[in-house]
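# Descriptive analysis of the structure
What follows is the residue order along each chain.
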Amino acid sequence: MTEAVIVDAVRTPFGKRDGSFRDTHPQDLAAAPLKALQARNGFDPTTIEDVMFGCVKPVFEQGSNIGRIAPMVAGWGDTVPGFQLDRMCGSGQQALNLAAANVRADFHDVVVAGGIEHMTRVPMSSNRSGKTAEPDMTDTYFDHYDELVHQGESAERVAEKWDFDRRELDEIAVDSHRRWKRAKDEGRFDSQLVPVETEVDGEGIVVEEDEHPRPDTDLETLANLPSAFRDEGDGVIHAGNSSGIVDGASALLVASEEAADEHGWEPMARVVQTEVVGVDPVLMLTGPIPATEQVLEKADMEPGDIDLFEVNEAFASVVAAWLNETGISWEDTNVNGGAIAHGHPLGATGSALVTKLVHELERTGQDTALSTMCIGFGQAVATIVERV
């Protein structure tokens, strides 16, 4: 069977909402990692057989198939096809998994997978009948369910189910920021971050680092934040232990081993196994637990066979429940900070998580990594990669 390898992986800095990317068109932000992949790997754009891009809000400026438009904006000409897919928060990682599947099936030799989300210019829920506010899900979706809730309420129920108190969750949040700061100071992101030239208020700037992290965050600061989804005193989820709303894009160059050899590329990792699962849409954020279990089973592996893990920090309770159920060490998980620090640019996060992992494997010389993330309405996606 043909192996699918990751030749290179990059991401833009994640700009905070209304930050340095506020005047950047989503198409230009999506094109930035594509340009970087070409510059770093020296390929003719005609080599790319397809561009697979996750985008959760494919409307307005992100509409009209941004997966096709981004390579044209990147200067790749008219002949490179592309498409956008939406598996909600798992979209970018699903794009990578699909790219790997196509290569392993011998349908393609060289593809690009990634994702984009400009959450400033195309806000959450803007693809729901033009609404920018969260609709009543029981009236809008799946009438045969007695109850459906938004993700914030689901995060609260996860915390209740596993009996997590607010301090436990805040400790994860503080650690996320500290880990990001350590990684930044030690230059761990240098090989994956691509500077983005853009304009703000008509002035040219270069965005070179993530804008959302707050490395001075401490438990005392978080303790003073109000609950975000329940009345004060009744909730443990707040802005400080939830993922940040940011703008960003990421992309990976995926190829067969034969194609990589033909082009003189030295692969970073191979895709070992992938998985996607469905779970209860009320406790929708628990999906990473069975996704991890099932992808390991398919790969005939145990948690101890994996060196590094990424579990998207949509909310701290998601990570806490996953750690509790899998028995995996927090010390091996989200080692360079997660979405509570970096932010969560919906369609780009999954491909960015795998990008972080393959670069960390290369930096440390470790061998295997697993990425998983929860998805709205009760799904999760998982990917195992192995350093080449």
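Here the structure is shown first, and the text comes after it.
Let us look at the structure shown here. (Residues numbered from 1 in each chain as written. Predicted model: local features only at pLDDT ≥ 70, side-chain atom pairs only at ≥ 80, totals over all residues. Heavy atoms only, no water.)

### Quick notes on the overall build of the chain
- Helix and strand counts for the chain come out as 12 helices and 12 strands.
- Taking 2.2 N^0.38 as the reference for a compact globule, 388 residues should give roughly 21 Å; the C-alpha atoms of the chain span a radius of gyration of 20 Å, in line with that estimate.
- Expressed as lengths along the three principal axes of its C-alpha atoms, the size of the chain is roughly 60 × 50 × 50 Å.
- Out of the 388 residues in the chain, the part that is buried amounts to 60%.
- For the chain, contacts bridging at least 24 residues in sequence account for 80% of all contacts bridging at least 6. (Helix = DSSP H or I, 4+ residues; strand = E, 2+ residues; numbered from the N terminus. Rg over C-alpha atoms; globule rule 2.2 N^0.38 Å. Buried < 20%, exposed > 50% of the residue type's maximum accessible area, 1.4 Å probe, protein only. Contact = heavy atoms within 4.5 Å.)

### Quick word on the side chain of R11
- Mapped onto the elements, R11 comes out in strand β1 (residues 4-11).
- By relative accessible area, R11 is classed as buried at 1%.

### Focus on the packing of helix α3 (residues 91-104) against helix α12 (residues 346-364)
- It is the contact of α3 with α12, at a shortest axis distance of 4 Å, that shows an interaxial angle of 60°. Classed by the angle they form, the pair α3 and α12 counts as oblique. Across from S91, G92, Q93 and L96 in α3, the residues of α12 making contact are G347, G350, S351 and V354.
- Tallied by class, the residues present in the contact of α3 with α12 amount to two nonpolar, six polar and no charged. (Axes fitted to C-alpha atoms, helices over the stretch in contact; angles between N-to-C directions. Parallel < 35°, antiparallel > 145°, perpendicular 65-115°, else oblique. Nonpolar A, V, L, I, M, F, W, Y, C, P; charged D, E, K, R; others polar.)

### Topic: the packing of aromatic side chains
- Evaluation of the coordinates by the stated rule reveals four aromatic pairs.
- Relative to F315, the ring of F229 has its centre 6.0 Å away and its plane inclined at 75°; by these criteria the two rings are edge-to-face. Of this pair, F229 sits in the loop between α7 (219-223) and β8 (246-256) while F315 sits in the loop between β10 (308-311) and α10 (316-326), and the two are 86 residues apart along the sequence.
- Sitting over the face of the ring of F189, R11 holds its NZ or CZ atom 5.3 Å from the ring centroid. (Phe/Tyr/Trp six-rings, centres within 6.5 Å; stacked < 30°, edge-to-face > 60°. Lys NZ or Arg CZ within 6 Å of the ring centre and 35° of its normal.)

### Some points on unusual backbone geometry
- Even without glycine at this site, N65 takes up a positive phi of about 65°.
- Considering the arrangement of structural elements, one finds N65 in the loop between β3 (51-54) and α2 (66-73).
- One non-glycine residue with positive phi stands out, namely D106, at about 65°.
- Structurally, the position occupied by D106 is in the loop between α3 and β5 (110-118).

### Some details on the state of the cysteines
- Under the counting rule described, the total for this entry stands at zero disulfides.
- C55 takes part in no disulfide bond, and the closest cysteine sulfur, belonging to C89, lies 12 Å away.
- With no disulfide partner, C374 has as its closest neighbouring cysteine sulfur the one in C89, 6.3 Å distant.
- Take C374: its relative accessible area is 2%, and that puts it in the buried class. (Disulfide = S-S within 2.5 Å.)

### Concerning the environment of T47
- Mapping T47 onto the fold places it in the loop between α1 (26-41) and β3.
- Residue classification places T47 among the buried residues on the basis of a relative accessible area of 18%.
- In the structure, T47 is positioned 216 residues away from H263 in sequence and 9.7 Å away in space, judged by C-alpha atoms.
- Beyond its immediate chain neighbours, meaning those up to four positions away, T47 contacts V110, H263 and W265.

### Some words on a negative patch on the surface
- Taken together, D106, D109, E257, E258, D261 and E262 make up a surface patch of like negative charges.
- Tracing the sequence through the fold places E257 in helix α8 (residues 257-263). (Patch = residues over 30% accessible without salt bridge, like charges linked within 9 Å, V, L, I, M, F, W, Y side chains within 5 Å. Areas by Shrake-Rupley, 256 points an atom, 1.4 Å probe, with all protein chains shown as cover. Salt bridge = Lys/Arg side-chain N within 4 Å of Asp/Glu carboxyl O. Lys, Arg positive; Asp, Glu negative; His and termini not counted. Charge placed at Lys NZ, Arg CZ, Asp CG, Glu CD.)

### Topic: the nonpolar core
- Counting residues in hydrophobic clusters, the biggest one holds 45 residues, and the most contacted among them are L169, L285 and I384.
- Looking at this core, the elements that each hand over two or more residues are α5 (151-161), α6 (166-185), β9 (269-278), α9 (288-298), β10, α10, β11 (368-375) and β12 (379-387).
- If one sorts the elements of this core by residue count, α10 sits on top with seven residues.
- The residues touching L169, leaving out its near neighbours within four places in the chain, are A159, F164, V236, I237, N241, A316, S317 and A320.
- Formed by 34 residues, the second largest nonpolar core is a distinct cluster that contains L29, A70, V110 and A251. (Core = buried A, V, L, I, M, F, W, Y, C linked by side-chain atoms within 4.5 Å.)

### Describing the packing of α9 against α10
- Closest axis-to-axis distance for the α9/α10 pair is 9 Å, and the angle between their directions is 40°. It follows that α9 is oblique to α10 by the angle criterion. Note on packing geometry: the crossing formed by α9 with α10 is right-handed. Only V318, A321, W322, E325 and T326 of α10 make contact with α9, whose side of the interface consists of P288, I289 and T292. (Left-handed = near helix turned anticlockwise from the far one by under 90°.)

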